[in-house]
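Structural overview for review
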Amino acid sequence: MRRTLSRIILGVFVPFLVGGGLVSPAMAQSEYAAEENPVPEAGPRTYAIYRTTDSISVDGRLDEDDWGAAPWTADFVDIRGRDAPTPRFRTRAKMLWDDEALYVAAHLEEPDVWGTLTQRDTVVYYDDDFEVFIDPNGTTHNYYEVEVNALETVWDLMLLSPYRDGGPAVDAWDVRGIDAAVDVKGTLNDPSDTDEGWTVEMVLPWGALEEAAPGGRPPRAGDQWRLNFSRVDWPLAVENGTYEKDLDTTKAHPESNWVWSPQGAIDMHRPERWGIVQFADAEVGTATVSVEERPNRRVKEALRRLYHRQQAHRDEHGTYATALSALNASNVQLPERDFAPTLRTTQTMYEISAPGVRGTTVHIRQDGRVWVTGE
């Protein structure tokens, strides 16, 4: 059974896109009560992005010295995280940056490299694909999604908010100046042999990414962004000498979804669960930089638990809670500091705030946006 997708043009709403599948709003709402803990593992994965001085040739081969010196991420895992099956094939990524752009590369082990989609901004995850998700501000709003398949077909879009919070997706938005290339280790769309896999290389210029970045500017050394990678892998069969999807229609998600930082559910659109990257001042290969733990992250996670409880309260009662006691807020604690939230509500909206570190205040509201004041 093939799924259909209502695309959006110029900001018109599109249904919930979930890293290779769709979920309905009703399904998303029914899951709120089970999602209080925003971290499905010990915490988000981290990566220090080092500066490059190489002239990067976008050909998918990664043969520049700086690519060789850049560290790989940890191997991708199942999107659900803990206790989910280990991916059948290995996937890793690496990154570099300079004053002009963010550089992304990935290697995807794959014995059957295939692709069918060739038109820009088609739903690329209907093929096997590699995906990049970037939230520069860390608010979970105004973030980017870029996908590419083995035919170098790109789908890029901007999400004004996650689909669970109403979206919408702006499919007409493009990464201006994007360059993406694929190098296939084997033969594309040829079932007669066994391939090694494919390598993806992307250049994402700051001129496009700074649109939703802090201060509307490129990152500076020490800045942290939220980012994640996803890989969609479809089961295949060979019919009449060509690849066809081998779908188990009894499964809601017959495709595999493998990611760098686990989401805890088959849903890439939970930016609070993405990894954390830090832009290092050091040139790649010259130093080792540790990604810092930013202290307000824990406060944000505690507020996210109350957000999920508010959404569950609304689903059950038709309105948001007007008192924190109705959310059992007293049992949300932080080990390293007091957690003292306050709640303000109207008939249709709310905002929960809590003291952060060094005189800051952390906020979250009914559409899931989280932000910090007093910095």
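Residues numbered from 1 in each chain as written. Predicted model: local features only at pLDDT ≥ 70, side-chain atom pairs only at ≥ 80, totals over all residues. Heavy atoms only, no water.

Right, let's talk about the pairing of strand β14 (residues 236–239) for a bit. In this sheet, strand β15 (residues 242–245) lies alongside β14 in antiparallel orientation, the contact comprising 4 bridges. Across the sheet, the residue bridging to V238 is Y243, located in β15. In this antiparallel pair of consecutive strands, β14 and β15, the connection spans 2 residues, and N240 shows a positive phi of 55 degrees. (Pairing = 2+ DSSP bridges. Helix = DSSP H or I, 4+ residues; strand = E, 2+ residues; numbered from the N terminus.)

Checked against the element boundaries, W155 lands in strand β9 (residues 154–159). For W155, a relative accessible area of 2% translates into the label buried. Within polar-contact distance, the side chain of W155 engages the side chain of D171 at 2.6 Å. (Buried < 20%, exposed > 50% of the residue type's maximum accessible area, 1.4 Å probe, protein only. Polar contact = N/O pair within 3.5 Å; in protein donor to acceptor, adjacent residues only side chain to side chain.)

What follows covers the nonpolar core. Note on soluble globular proteins: their nonpolar side chains tend to be buried together. One finds L102, F130, M202 and F229 to be the most contacted residues of the largest nonpolar core, which totals 56 residues. The element best represented in this core is strand β6 (residues 101–109), accounting for 7 residues. Residues L306, A329, V332 and L334 belong to the second largest nonpolar core, which totals 21 residues. (Core = buried A, V, L, I, M, F, W, Y, C linked by side-chain atoms within 4.5 Å.)

Computed from the structure, the largest pocket encloses a volume of approximately 1000 Å³. As for the largest pocket, its lining consists of 39 residues, of which N137, Q224, R294, K300 and E375 are closest to the centre. Contributions of two or more residues to the lining of the largest pocket are made by β13 (224–233), α4 (296–317) and β21 (370–373). It is α4 that contributes the most residues to the lining of the largest pocket, 5 residues altogether. Tallied by class, the residues present in the lining of the largest pocket amount to 14 nonpolar, 10 polar and 15 charged. (1 Å grid on protein atoms, 1.4 Å probe; cavity = no way out; pocket = protein on both sides within 12 Å on 5 of 7 lines; lining within 4 Å. Points joined across faces, edges and corners; volume = space filled by probe spheres on them. Nonpolar A, V, L, I, M, F, W, Y, C, P; charged D, E, K, R; others polar.)

Its place among the elements puts D195 in the loop between β11 (179–185) and β12 (197–205). For the buried D195, which has no salt bridge, the nearest side chain bearing the opposite charge is R231, at an N-O separation of 10 Å. Of the polar contacts made by the side chain of D195, one reaches the backbone nitrogen of V113; its length is 3.0 Å. Of the polar contacts made by the side chain of D195, one reaches the backbone nitrogen of T187; its length is 2.9 Å. Ignoring anything within four residues of it in the chain, the contact list for D195 reads E110, P111, D112, V113, K185, G186, T187 and Y243. (Lys, Arg positive; Asp, Glu negative; His and termini not counted. Salt bridge = Lys/Arg side-chain N within 4 Å of Asp/Glu carboxyl O. Contact = heavy atoms within 4.5 Å.)

Our next topic: the sheet that holds β21. Spatially, the 4 strands line up as an open sheet ordered β18-β19-β20-β21, and their pairing is antiparallel. Strands with a single pairing partner mark the edges of an open sheet, and in this sheet they are β18 (342–345) and β21. For this sheet, the mean angle separating the axes of adjacent strands, direction not counted, is 25 degrees. Its contacts with the sheet put α4 on β18, β19 (350–355), β20 (361–365) and β21, and the angle it makes with β19 is roughly 150 degrees. (Axes fitted to C-alpha atoms, helices over the stretch in contact; angles between N-to-C directions.)

Turning our attention to the confidence of the model for the chain. As a note on interpretation, predicted positions should not be read in detail where pLDDT is low. Chain-level pLDDT for the chain is 90 on average; 89% of the residues reach the 70-or-more range. pLDDT under 50 marks residues 1–31. Its contacts with residues more than four places away, or in other chains, come to 83 contacts. (pLDDT = per-residue confidence, 0-100.)

Attention shifts here to a negative patch on the surface. On the surface, E239, E244, D246 and D248 cluster together into a patch of negative charge. Summarising the element assignment, D246 is placed in the loop between β15 and β16 (256–259). (Patch = residues over 30% accessible without salt bridge, like charges linked within 9 Å, V, L, I, M, F, W, Y side chains within 5 Å. Areas by Shrake-Rupley, 256 points an atom, 1.4 Å probe, with all protein chains shown as cover. Charge placed at Lys NZ, Arg CZ, Asp CG, Glu CD.)

This next bit is on α4. Here α4 is 22 residues long and its end C-alpha atoms lie 31 Å apart, about the 32 Å a rise of 1.5 Å per residue gives. Backbone geometry just downstream of α4 places G318 in the positive-phi region, at approximately 90 degrees. (Expected span 1.5 Å × (residues − 1).)

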